[in-house]
Amino acid sequence: QVQLVESGGGLAQPGGSLRLSCAASGFTFSRYRMSWYRQAPGKERELVAGIASTGITNYTDSVKGRFTISRDNAKNTVYLQMNSLKDEDTAVYYCNAVRFPAIYWGQGTQVTVSS
């Protein structure tokens with residue numbers, strides 16, 4: 001069955017870095033657009049970054065220049081490199097896979113930025 005398993009979350013200090021990974025299985029990973037979303041307490045889930053099957057990427061303005069999304073189709077894995085972390089990056093981060101009409105979500109991984 002389809003699985004998206006996130007890892008790499010945890011506690012980081014402001015200015016620090018974390019790398020999230022999302023291992024996919026159960027579908028043809030290379031054909032899917034992969035994205036990272038996040039949801040902070042009391043806020044709606046928002047798109048952080050996406051990468052198309054072509055490799056084209058997009059980012060929400062608040063993370064441009066700090067976060068990098070990448071994919072390894074041989075490993076069925078998408079990554080989110082997060083640098084220069086800020087307190088406001090604290091959230092649960094979710095992996096997402098889309099290829100119309102299919103859409104899949106991971107279970108989420110907590111990222112906490114605090115000194």
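Residues numbered from 1 in each chain as written. Predicted model: local features only at pLDDT ≥ 70, side-chain atom pairs only at ≥ 80, totals over all residues. Heavy atoms only, no water.

Engineer: How should the pairing of strand β8 (residues 77-82) be read in this particular structure?
Structural biologist: Look at any regular strand and the pattern is simple: side chains alternate between the two faces of the sheet. By the criterion of burial, β8 is predominantly enclosed, with five of the six residues buried. Two strands pair when backbone bridges link them, and strand β3 (residues 18-25) and β8 are joined in this way by six bridges, in the antiparallel orientation. Residue pairing across strands places Ser21 opposite Tyr79, the latter belonging to β8. One ladder, built from six bridges, connects strand β7 (residues 67-72) with β8; its direction is antiparallel. Each residue of the ladder has a partner; that of Phe67, found in β8, is Met82. (Buried < 20%, exposed > 50% of the residue type's maximum accessible area, 1.4 Å probe, protein only. Helix = DSSP H or I, 4+ residues; strand = E, 2+ residues; numbered from the N terminus. Pairing = 2+ DSSP bridges.)

Engineer: I would appreciate a short explanation of the sheet that holds strand β1 (residues 3-7) in the present structure.
Structural biologist: Working definition: the strands of a sheet are paired by backbone hydrogen bonds and lie parallel or antiparallel to each other. Ordered by their spatial adjacency, four strands build an open sheet running β1-β3-β8-β7, and the pairing between neighbours is antiparallel. Since the sheet does not close on itself, it has two edges, and those belong to β1 and β7, each with one partner. Strand-to-strand twist in this sheet, taken as the mean axis angle between neighbours without regard to direction, amounts to 15°. (Axes fitted to C-alpha atoms, helices over the stretch in contact; angles between N-to-C directions.)

Engineer: Please clarify how the packing of aromatic side chains should be interpreted in this entry.
Structural biologist: To describe a pair of aromatic rings, one takes the distance between the centres and the angle between the planes. Tallied over the entire structure, the rule returns four aromatic pairs. Taken together, a centroid distance of 5.9 Å and an interplanar angle of 25° make the contact between Tyr32 and Tyr104 stacked. In this pair, Tyr32 is assigned in the loop between β3 and β4 (33-39) and Tyr104 in strand β10 (residues 102-105), connecting sequence segments 72 residues apart. Plain terms: the ring middles of Tyr37 and Trp105 are 4.9 Å apart, the flat faces sit at 65° to each other, and that makes the pair edge-to-face. Taken together, the residues span a long stretch of sequence, with Tyr37 in strand β4 and Trp105 in strand β10 at a distance of 68 residues. Overall, the relative accessible area of 21% leaves Tyr37 in the partly exposed class. An aromatic cluster of at least three residues, connected via ring pairs, comprises Phe27, Tyr32 and Tyr104. Above the ring of Trp105, the side-chain terminus of Arg45 is found at 4.7 Å from the ring centroid. (Phe/Tyr/Trp six-rings, centres within 6.5 Å; stacked < 30°, edge-to-face > 60°. Lys NZ or Arg CZ within 6 Å of the ring centre and 35° of its normal.)

Engineer: Would you mind showing me how to read the nonpolar core here?
Structural biologist: The nonpolar side chains of soluble globular proteins are, as a tendency, buried together. Counting 29 residues, the largest nonpolar core has Met34, Trp36, Val78, Leu80, Met82 and Tyr93 as the members making the most contacts within it. Counting residues per element, the ones that place at least two in this core are β3, β4, β5 (46-51), β7, β8, β9 (91-99) and β11 (109-113). Once residues lying within four places of it in the same chain are set aside, the contact partners of Tyr93 are Glu6, Leu20, Trp36, Tyr37, Arg38, Val48, Phe67, Leu80, Met82, Gly108, Thr109 and Val111. (Core = buried A, V, L, I, M, F, W, Y, C linked by side-chain atoms within 4.5 Å. Contact = heavy atoms within 4.5 Å.)

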